[in-house]
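# Coordinate analysis (summary)
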Amino acid sequence: MAELLPLPRTEDRLRVLVVSESFLPQVNGVTNSVRRVLEHLAAEGHDAVLVAPTGPPTYAGFPVRRARGTHLRLYPDFRIGLDTRRRLRAVMSEVRPDVVHLASPAALGHQAARAAADLGIPTVAVYQTDLVGFAERYDVPGSARAMAALTRRVHARVDRTLAPSTASLAQLRDLGVPRTQLWPRGVDLQAFHPVHRDAGLRRELAPDGRLLVGYVGRLAAEKELDLLTHLADDPRVRLVVVGGGPEEQRLRTLLPGAAFLGVLHGEELGRAHASLDVFVHTGRHETYCQAAQEALASGVPVVAPRSGGPVDVVADGVSGFLYEPGDGRAMAWYVDRLVGHRLLRRTMGLAARRSVRDRGWPSVNAALVTHYREVVAARAGAALAG
């Protein structure tokens, strides 16, 4: 198929087609990153269109095109995109973008990558979901091999794949994915800040003065939240669980003494983060672990697995501690150190905030736009050379 020529525009202004596997009302790392990208593009005067299986009619002033989709069996409240290559090609022919941004591409992203290749449009894929790790966790025969093959197929077609952590880069290299570069996640340094610590919320959750140890994220099997049982019997601690998902009812039974706050957004989420004394994460398949970064920005030390994104996010022994994945006793031992030593909590909390001061979304998304420009320029240069 003949290459699609972009529409004429000013030199510095880009037209970006963002294709996302999920969007509002689903709240997850992919949705949040896409929102920040669109907000940045709007603030910088670029044009954009979002294609996603769910969402409002517009976001950040940009149109949202609904992709066909279906609900996941394991996540009945979660809708994924399953649109065809032909329909996505029609959208691209109408929008005529300079670059296509594939957010955590899977089924929808695979078809979008093929459509963009048909039309000669440069593509940037953002690797954000460890599909192989999730498949291994659910132990469906053949699924891990299928997810590895899908990851290779999708990312082999794109001009550049951006991974959020060194662990993700290594994983992609092991899968044979070419043309990878590091692009970490940003954090809202105003929304997540120690000043949002709320004495009233702390009294409500622990009127007896216990320390608050909390988890923020989806309540799903791959998060390995059973490890929290190692903290459940500590009389000095009140467990706080923020989030929702298919494991919620089982976890309420497993952790009867925990406070389940549900899914929080905006100011409520920032207040919950800052009001914790220690943040814990349990899952080993995080490509980045945005919730841990938000805790750090809130001045809260983090205890997380020595696996995936947390290896880059958490400075072990400085802003928190890393434990061997799946080792609940080790996790509890590090939490015990922090709970039992107020000065250590204070010192690590200050280091936590300092560790993310250069990770604000404006600088992170400015780097993303640079990636866009580089793949557009490389494709144009190759066309001229050819």
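Throughout what follows, the structure given in this document is the object of discussion. Everything quoted here is computed from the prediction, not taken from an experiment.

When helices and strands are counted, the protein chain shows 14 helices and 16 strands. Against the globule reference of 21 Å for 386 residues, the protein chain gives a C-alpha radius of gyration of 21 Å, in line with a compact fold. When the 386 residues of the protein chain are sorted by exposure, 55% land in the buried category. For the protein chain, the share of sequence-separated contacts (at least 6 apart) that also reach a separation of at least 24 residues comes to 67%.

A side chain of one charge can pair with a side chain of the opposite charge when the charged atoms of the two come close. This structure, assessed with the given rule, holds 23 salt bridges. In this structure, the salt-bridge partner of arginine 13 is aspartate 47, at a minimum N-O distance of 2.7 Å. Placement of arginine 13 in the segment before strand E1 (15-20) and of aspartate 47 in strand E2 (residues 47-52) is noted, with a sequence separation of 34 residues between them. Residue arginine 271 is joined to aspartate 198 by a salt bridge in which the shortest nitrogen-to-oxygen separation is 3.5 Å. Placement of arginine 271 in helix H9 (residues 266-274) and of aspartate 198 in the loop between strand E10 (180-182) and helix H7 (199-205) is noted, with a sequence separation of 73 residues between them. Residue arginine 271 is classed as partly exposed on the basis of its relative accessible area of 27%. When salt bridges that share partners are traced, they join Arg13, Arg15 and Asp47 into one network.

Further remarks concern helix H13 (residues 342-355). Between its terminal C-alpha atoms H13 stretches 20 Å, which fits the 20 Å expected from 14 residues at 1.5 Å a residue. Looking at the buried side of H13, the elements it contacts are strand E11 (211-216), strand E14 (278-280), helix H10 (290-297), strand E16 (320-323) and helix H12 (328-340).

Here we take up empty space enclosed by the protein. By rolling a water-sized probe across the atoms, one finds the places where empty space is left. Enumeration according to the criterion identifies 2 cavities of 30 Å³ or more in this entry. If you trace the largest cavity, you find it lined by Ser33, Val34, Val37, His101, Ala103, Val126, Gln128 and Trp183. Counting residues per element, the ones that place at least two in the lining of the largest cavity are helix H1 (29-43) and strand E7 (99-103). The residue inventory of the lining of the largest cavity, partitioned by class, reads 5 nonpolar, 3 polar and no charged. Its volume calculated, the second largest cavity comes out at about 40 Å³. Partitioning the lining of the second largest cavity into residue classes produces 3 nonpolar, 4 polar and no charged.

Summed over the entire model, instances satisfying the criterion amount to 3 aromatic pairs. Their ring planes at 70° and their centres at 5.2 Å tell us that tryptophan 333 and tyrosine 334 sit as a pair that is edge-to-face. When its relative accessible area of 48% is taken as the criterion, tryptophan 333 is described as partly exposed.

Of all the 5 residues making up E7, 5 are buried; the element is thus mostly covered by neighbouring parts of the structure. On E7, burial covers both faces: Val99, His101 and Ala103 on one face and Val100 and Leu102 on the other are all buried. Bridge count between E1 and E7: 5 bridges; the pairing is parallel. Its bridge partner lying in E7, leucine 17 is registered against valine 100. Where E7 lies against strand E8 (residues 123-126), 4 bridges are found, and the strand directions are parallel.

With that out of the way, let us pick up the sheet that holds strand E3 (residues 58-59). Taken together, 8 strands build an open sheet; the order of strands is E3-E4-E2-E1-E7-E8-E9-E10 and the sheet is mixed. Each having just a single partner strand, E3 and E10 make up the two edges of the open sheet. Strand contacts of H1: E1, E2, E3, strand E4 (62-66) and E7, with the helix running at about 170° to E1, the strand carrying the most contacts.

A word on H1. With 15 residues, H1 extends 21 Å from end C-alpha to end C-alpha; this agrees with the ideal 21 Å at 1.5 Å per step. Taken residue by residue, H1 has Val30, Thr31, Ser33, Val34, Val37, Leu38, His40 and Leu41 as its buried positions. Buried residues along H1 sit in contact with E1, E2, E3, E4, E7 and helix H14 (361-385). The opening residue of H1 is asparagine 28, an N-cap whose side-chain oxygen sits 3.1 Å from the backbone nitrogen of valine 30. The first or second residue beyond H1 is glycine 45, which carries a positive phi of 85°.

Before going further, it helps to examine unusual backbone geometry. Residue proline 25 is reached from leucine 24 by a cis peptide bond, and omega for that bond is 10°. For alanine 60, which is not glycine, the phi torsion reads 55° and is therefore positive. Mapping alanine 60 onto the fold places it in the loop between E3 and E4. Phi angles above zero are rare outside glycine, and cysteine 289 is one such case at about 80°. For cysteine 289, the location among the structural elements is in the loop between E14 and H10. Here cysteine 289 falls in the buried class, since its relative accessible area comes to 3%.

Next up on the list: the nonpolar core. If you look at the biggest cluster of nonpolar residues, it comprises 31 residues, and the most contacted ones within it are Val242, Phe279 and Val302. Of all the secondary structure elements, the ones that give two or more residues to this core are H7, E11, strand E12 (237-242), H9, H10 and strand E15 (302-305). With 5 residues, the top contributor of residues to this core is H10. Excluding its chain neighbours within four sequence positions, the residues that come into contact with phenylalanine 279 are Gly214, Tyr215, Val216, His273, Ala291, Ala292, Ala295, Val300, Pro301, Val302 and Val303.

What counts and what doesn't
- Residues numbered from 1 in each chain as written.
- Predicted model: local features only at pLDDT ≥ 70, side-chain atom pairs only at ≥ 80, totals over all residues.
- Heavy atoms only, no water.
- Helix = DSSP H or I, 4+ residues; strand = E, 2+ residues; numbered from the N terminus.
- Rg over C-alpha atoms; globule rule 2.2 N^0.38 Å.
- Buried < 20%, exposed > 50% of the residue type's maximum accessible area, 1.4 Å probe, protein only.
- Contact = heavy atoms within 4.5 Å.
- Salt bridge = Lys/Arg side-chain N within 4 Å of Asp/Glu carboxyl O.
- Expected span 1.5 Å × (residues − 1).
- 1 Å grid on protein atoms, 1.4 Å probe; cavity = no way out; pocket = protein on both sides within 12 Å on 5 of 7 lines; lining within 4 Å.
- Points joined across faces, edges and corners; volume = space filled by probe spheres on them.
- Nonpolar A, V, L, I, M, F, W, Y, C, P; charged D, E, K, R; others polar.
- Phe/Tyr/Trp six-rings, centres within 6.5 Å; stacked < 30°, edge-to-face > 60°.
- Pairing = 2+ DSSP bridges.
- Axes fitted to C-alpha atoms, helices over the stretch in contact; angles between N-to-C directions.
- Polar contact = N/O pair within 3.5 Å; in protein donor to acceptor, adjacent residues only side chain to side chain.
- Core = buried A, V, L, I, M, F, W, Y, C linked by side-chain atoms within 4.5 Å.

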